[in-house]
Amino acid sequence: MKLKKILPIILCLLLSACSGSAPEEYSYDFFAMDTYMSLTAYGDNAEKGVKAAAGRIAELTLMLSVTDENSELSAINRGGVAKVSEETAGLIAFALDIADKTDGALDPTVYPVLRAWGFTADQNRVPAPEEISALLKNIGHEHVQVDGNTVALDKGMMLDLGAVAKGYAGDETERILRENGITSALINLGGNIQLVGSKPDGTDWRLGLKDPAGTGNIGVLTVSDCAVVTSGSYERCFTAEDGTVYGHIIDPASGYPADNGLISVTIIADEGRLCDALSTALFVMGEECALEYWRENKNFDVILITDNAEVLITGGAADKFQLDSAYGNLTVKVVEE
Ligand code: ADP
Ligand code: MG
């Protein structure tokens, strides 16, 4: 055959090979766990995997919600003791373990105080100091007993998994997507990001790190195959009559919203629930204790934005972060080991 005749055939084959290699993409946006979520997966089973994962998140929402009276968590809070699923008991045990390791900076029993501040009902108020000190008596992770599937609380105590539930939902979403053969996906659970593999073209994902004070991104994180979770007081907060801004992350030691000089804490690690738990805990701790905790553990990387315009990054994340040129007012520092 003459080359003139073969050429269109070869071109045609090449083109069909190209279009055939573009993987199927399926995205689904929905509302769960009191936040907007978005799942995007690539590959043959993208739609099936995403739908199965969204169904799983709906189940977890019903199990773990502190405000839904039919949830397993509400059963514990109502009766002080309840037999729950192995999964709920396991997540409570995990939260208690991190509470222990962080000296109670994360404390799933902080709920009575959180409720007094009106955060769960979106009816914010500043409780009187006496009210807070009375409620603090009902707080303390050491007073929760998990025995198999049975969870028991001391009188007056209540559990809230708001600081870890989304992270765990990220882990479950990743597990289900992988079970469906998906090796590339972007899981966004209200700002909790979890990445399955890299982008379909094999390159890293580029995640914008939100400006806590504005609407833009202070920079870009170039990462793959990990969870990235940010906690900050700027997302859910209210301004009192005297102009003070109060955030939704409570320092369990004082009963007041954490106010330790940090504007946001971003944790990067393999597991979503660990990232979620630590982003809340390190936000409560403040810069010095947070970095001390990192030095002692190092099973994660962290980016702290401080109220004196510093971005503190631990080693593993330093070369993955690029500050946006519009944020030249911020000083980026790599944290010493
Ligand atoms: P977000 O839910 O906005 O992503 P976090 O993961 O930091 O943020 O979780 C904050 C939620 O955790 C609060 O809304 C509340 O339900 C709960 N919470 C607040 N302070 C604490 C704390 N010190 N320990 C455990 N849970 C907390
Ligand atoms: Mg958290």
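Residues numbered from 1 in each chain as written. Chains lettered and ligands numbered in written order. Predicted model: local features only at pLDDT ≥ 70, side-chain atom pairs only at ≥ 80, totals over all residues. Heavy atoms only, no water.

Engineer: I'm lost on the overall build of the protein in this one. Help?
Structural biologist: Summing up its helical and strand segments, the protein has 10 helices and 19 strands in all. Overall, the C-alpha framework of the protein stretches about 95 × 50 × 40 Å when taken along its three principal axes. In the protein, which comprises 337 residues, the share counted as buried stands at 49%. Taking the contacts inside the protein whose residues are at least 6 apart along the sequence as the reference set, 58% of them involve residues at least 24 apart. Accessible surface computed for the protein: about 16,400 Å², of which carbon and sulfur atoms make up 50%. (Helix = DSSP H or I, 4+ residues; strand = E, 2+ residues; numbered from the N terminus. Buried < 20%, exposed > 50% of the residue type's maximum accessible area, 1.4 Å probe, protein only. Contact = heavy atoms within 4.5 Å. Areas by Shrake-Rupley, 256 points an atom, 1.4 Å probe, with all protein chains shown as cover.)

Engineer: Could you clarify how one ought to interpret the nonpolar core in this entry?
Structural biologist: Considering soluble globular proteins, one finds that nonpolar side chains tend to be buried as a cluster. Counting residues in hydrophobic clusters, the biggest one holds 87 residues, and the most contacted among them are Ile76, Ile92, Leu177, Leu282 and Phe300. Leaving out residues up to four positions away in the same chain, leucine 282 has contacts with Leu262, Val265, Ile267, Ala290, Tyr293, Phe300 and Val302. If you look at the next biggest cluster of nonpolar residues, it comprises 20 residues, including Val223, Cys226, Ala317 and Tyr327. (Core = buried A, V, L, I, M, F, W, Y, C linked by side-chain atoms within 4.5 Å.)

Engineer: Please clarify how unusual backbone geometry should be interpreted in this entry.
Structural biologist: A negative phi holds for most residues other than glycine; trans holds for most peptide bonds. Positive phi outside glycine occurs at aspartate 34, with the angle close to 65 degrees. Note on placement: aspartate 34 falls in the loop between β1 (25–32) and β2 (35–42). The residue aspartate 225 is not glycine, and still its phi comes out positive at about 50 degrees. A relative accessible area of 42% places aspartate 225 in the partly exposed class.

Engineer: Would you explain the sheet that holds strand β17 (residues 310–313) in this entry?
Structural biologist: Two orientations exist for strands paired in a sheet by backbone hydrogen bonds: parallel and antiparallel. Pairing is mixed across the open sheet formed by 9 strands, whose spatial order is β1-β2-β6-β7-β10-β15-β16-β17-β19. At either end of the open sheet lies a strand with only one pairing partner, and these are β1 and β19 (331–334). Between one strand axis and the next, the sheet turns through 10 degrees on average, direction left out of account. As defined by bridge partners, β1 adjoins β2 across 8 bridges and the pair is classed as antiparallel. Opposite phenylalanine 30, over in β2, you have methionine 37 as the bridge partner. (Pairing = 2+ DSSP bridges. Axes fitted to C-alpha atoms, helices over the stretch in contact; angles between N-to-C directions.)

Engineer: Just to check I follow, could you spell out the pairing of strand β5 (residues 150–153) for this structure?
Structural biologist: Moving residue by residue along a regular strand, the side chains alternate between the two faces of the sheet. One ladder, built from 3 bridges, connects strand β3 (residues 81–83) with β5; its direction is antiparallel. Along β5, the bridge assignment pairs alanine 82 with valine 151. The sheet contact formed by strand β4 (residues 144–147) and β5 spans 4 bridges and is antiparallel. Along β5, the bridge assignment pairs valine 146 with valine 151.

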